[in-house]
There are 2 protein chains.
Amino acid sequence: MSDTSWLSNSVGRLCEQSRGQARLRQSSLTKPAGALGRLEDIALDLAAMQGRECPSINEIFITVFAADHGVAAQAVSAFPQAVTGEMIKNFSRGGAAINVLAREIGAHLEVVNLGTIFELPSLEGVLARALGAGTFDLSIAPAMSADQLRKALVIGRDAASRATASGAHLFIGGEMGIGNTTSATALACALLNLPPADLTGPGTGLDSEGIAHKIGILQQALQRHEPSLGDPLECLRHLGGFEIAALVGTYISCAQSGLPVLVDGYISSVAALMATKLSPKTRNWLLFSHRSPEPGHALVLEALQARPLLDLGMRLGEGSGAAVAVPLLRAACALHADMASFAEAGISEKLS
Amino acid sequence: MSDTSWLSNSVGRLCEQSRGQARLRQSSLTKPAGALGRLEDIALDLAAMQGRECPSINEIFITVFAADHGVAAQAVSAFPQAVTGEMIKNFSRGGAAINVLAREIGAHLEVVNLGTIFELPSLEGVLARALGAGTFDLSIAPAMSADQLRKALVIGRDAASRATASGAHLFIGGEMGIGNTTSATALACALLNLPPADLTGPGTGLDSEGIAHKIGILQQALQRHEPSLGDPLECLRHLGGFEIAALVGTYISCAQSGLPVLVDGYISSVAALMATKLSPKTRNWLLFSHRSPEPGHALVLEALQARPLLDLGMRLGEGSGAAVAVPLLRAACALHADMASFAEAGISEKLS
């Protein structure tokens, strides 16, 4: 797969000089040192990413990648597989959670359809990029061909390019695909070398019997593909989904372009972990929005050394947790840029 | 103190019918049940408070109560006492954290000065309500007279009345006063019957020696006032601050008027706990925004059976943590009101 060589292109450098200037500014603001907690860290991280003392997050670009999963045939989801296509139509009509949240934060939203079991008509706001009628069933075969994987990664890269070209300050990737917690959990098990029972949860709403069945399917899949899982790209090809591969491509491409990313929940975090296996410095450009109750998420976040901002029990995907966290980033930037300094306000500094 | 009898007036009733309608609506929205986590609970709570199926949080009223504390003479803060007055000027000029955040969320902000050691000139946006040059030193005398306490509570009530009259959907109370974590901790120790060492932290930035000293001052104060601490109002009079008493009055008055409150951090939560001792059903109207690292906060929240939305290490006061959490409430309302239903979107419901 030599045409995936772009994945190892160099990643944008953080500007440590801007971080230093921002730190100096922060220490002059009219508040006790550290009193804004993690909002202070965010301002410094964004300063280093944007290369300026006072960062801002005005323009936000959200891409939701959607695709079907062959493994849905194994009854691993609480919803029928047709829901993927139905939700793509819902995105197009503006009725899904991410539509509401994108409007709330004034973000640009686009949807990319990477392939569903039922063919969809042309839909407003949806880019048609079908690579097939969903992936193959990963419990019995590799999920994708090498060509499909290569294309999915490029479809992700293209979204990052559109975001960069639009002048976005922040990228959010979302995902939708019935069965994709199964694919994400398979990938996480392979990358973390952990058994499915440690990571598997209810997804969109399985009961305990359903979870036990899902664990069995995952064990079967991991055993079947074991010889191919040592190489990250081969692992992604055997166990991934089109939308997960697209997220991997988009995260790496954002990092190469120096565009900060706000990672959503469990499935997005698995894509982020895969991205850092393929391009370790991609990690520098990733901020983490929220912790999902899906049990695998905590382990994936730990492997990424990531501490998300929110822990609200959200488990929807679509980029929704990231969108909910955006105002925290904006508050951090506003406080950093607009608070008075001790000198400006004529305020006595701390007793020494 | 018979003229504090208004504190036991009846509290607004929650509309359980609206909560039921909201719950029904929520179950029809295009997402797996429960997938929006705590945002779903918020929408239901606000529906019950506002008495409508689809609540909204457009108009927000913030009052920051500021006052000095006699106990600051005992070197319990990392900042000189003059900072209280200097910060009131900073609020007036728009340079403090809460000013920036109020602009960010489009909230109305007012500041009430209940008394500082240095007299202040008339300041724009600051209501002059001085009850004295700060409280007396609670380590050697009752912090307030009965008359001062009564007036501070009414000053709080008046702020709630202004908020209600303005048509606010949500009230946020903030506080500023050098030394007020000492007063708040004394109150919390008395209400929870716990020793100061269990609750005392760095406040705005004490080192370990400073914390040990603060614990000693608190032990002395609790011992001195012990005979008076059984009655909540007397406890508040002996150990409170003017701004803390005003917060107590404002929370109770908001609950009586049926105006939802978003409680800020440690000091505000202590005021909330005191409010529930005086008027238990006030608790129904309180939402909790964030968890501060100040060690007493966890214990006070537990006593209130409160689970705040954010845990970002913020410890500034001024209402800042609550202001940062406002977009989460707005996201909850927007999702609840604007998402499509399964029927509208023609989406297959969960497999049964």
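Just above sits the structure.
The notes below deal with the structure included here. (Residues numbered from 1 in each chain as written. Chains lettered and ligands numbered in written order. Predicted model: local features only at pLDDT ≥ 70, side-chain atom pairs only at ≥ 80, totals over all residues. Heavy atoms only, no water.)

**Description of the side chain of Glu110 of chain A**
Residue and element names in this part refer to chain A.
- By the secondary structure assignment, Glu110 is in strand β2 (residues 108–113).
- In this structure the side chain of Glu110 is engaged in a polar contact, spanning 2.9 Å, whose partner is the side chain of Thr63.
- For Glu110, the residues in contact, after removing those within four places along its chain, are Phe61, Ile62, Thr63, Val64, Gly125, Leu127, Ala159 and Arg162. (Helix = DSSP H or I, 4+ residues; strand = E, 2+ residues; numbered from the N terminus. Polar contact = N/O pair within 3.5 Å; in protein donor to acceptor, adjacent residues only side chain to side chain. Contact = heavy atoms within 4.5 Å.)

**Topic: the environment of Gly201 of chain A**
Residue and element names in this part refer to chain A.
- Along the chain, Gly201 turns up in the loop between α7 (196–199) and α8 (208–225).
- Placed 84 residues apart in sequence, Gly201 and Trp285 show a C-alpha to C-alpha distance of 28 Å.
- Excluding its chain neighbours within four sequence positions, the residues that come into contact with Gly201 are Ile211, Lys214, Glu294 and Pro295.

**Observations concerning the interface of chain B and chain A**
- The interface is formed by 54 residues belonging to chain B together with 54 residues belonging to chain A.
- When chain B packs against chain A, the two sides together hide about 4400 Å² of surface, and 67% of this comes from carbon and sulfur.
- Inspection of the chain B/chain A interface yields 14 residue pairs in polar contact (both at pLDDT 80 or more).
- Going through the elements one at a time, α2 (38–50), α3 (82–93), α4 (97–105), α13 (320–338) and α14 (342–345) of chain B are the ones with two or more residues in the side of chain B that touches chain A.
- Among the elements that take part in the side of chain B that touches chain A, α13 of chain B stands out by supplying 8 residues, more than any other.
- Here the residues of the side of chain B that touches chain A sort into 32 nonpolar, 11 polar and 11 charged. (Buried area = accessible area lost by both parts, 1.4 Å probe. Nonpolar A, V, L, I, M, F, W, Y, C, P; charged D, E, K, R; others polar.)

**Some words on α4 of chain B**
- When you tally the buried positions in α4 of chain B, you get 7 out of 9 residues, the bulk of the element.
- Buried within α4 of chain B we find Ala97, Ile98, Asn99, Val100, Leu101, Ala102 and Ile105 of chain B.
- Of the surrounding secondary structure, the elements contacted by the buried residues of α4 of chain B are α13 (320–338) of chain A together with β1 (60–66), α3, β2 (108–113) and α13 of chain B.
- Where α4 of chain B ends, the next residue or the one after it, Gly106 of chain B, has phi of about 65 degrees, a positive value. (Buried < 20%, exposed > 50% of the residue type's maximum accessible area, 1.4 Å probe, protein only.)

**A short note on the relation of the copies chain B and chain A**
- Superposition record for chain B on chain A: RMSD 0.0 Å, screw rotation 180 degrees, translation along axis 0.0 Å. In symmetry terms, the pair is related by a two-fold rotation axis.
- Comparing interface residues between copies, 100% of those in chain B also lie at the interface in chain A; the contact surface is shared. (Least-squares fit on C-alpha atoms with pLDDT ≥ 70 in both.)

**Things to note about the pairing of β1 of chain B**
All names here are of chain B.
- Counting buried positions along β1 gives 7 out of 7 residues, so the element sits mostly inside the fold.
- Neither face of β1 is left uncovered, since the one carrying Ile60, Ile62, Val64 and Ala66 and the one carrying Phe61, Thr63 and Phe65 both have all their residues buried.
- Direction of pairing for β1 relative to strand β4 (residues 170–176): parallel, over a ladder of 7 bridges. Looking across to β4, one finds that Phe61 is bridged to Phe171.
- Looking at chain direction, β1 and β2 are connected through 6 bridges and run parallel. What sits directly across from Thr63, in β2, is Glu110. (Pairing = 2+ DSSP bridges.)

**A look at unusual backbone geometry**
- At Glu318 of chain A, a position not held by glycine, the phi torsion is positive, near 70 degrees.
- One can find Glu318 of chain A in the loop between α12 (295–303) and α13.
- The buried category is assigned to Glu318 of chain A, whose relative accessible area is 2%.
- The residue Asn193 of chain B is not glycine, and still its phi comes out positive at about 55 degrees.

**Looking at the pattern of salt bridges**
- Within the structure shown, the criterion is met by 18 salt bridges over all chains.
- Residue Asp147 of chain A pairs with Arg150 of chain A through a salt bridge whose shortest N-O separation is 2.7 Å. Placement of the pair is Asp147 of chain A and Arg150 of chain A together in helix α5 (residues 146–165), with a separation of 3 residues, close to one helical turn.
- Note that Glu16 of chain B and Arg19 of chain B form a salt bridge whose closest N and O atoms lie 2.8 Å from each other. Of this pair, Glu16 of chain B and Arg19 of chain B both sit in helix α1 (residues 16–28), 3 residues apart, roughly one helical turn.
- Given a relative accessible area of 14%, Arg19 of chain B falls into the buried group.
- Beyond isolated ion pairs, a larger network of salt bridges with shared partners links Asp3, Asp147, Arg150 and Lys151 of chain A. (Salt bridge = Lys/Arg side-chain N within 4 Å of Asp/Glu carboxyl O.)

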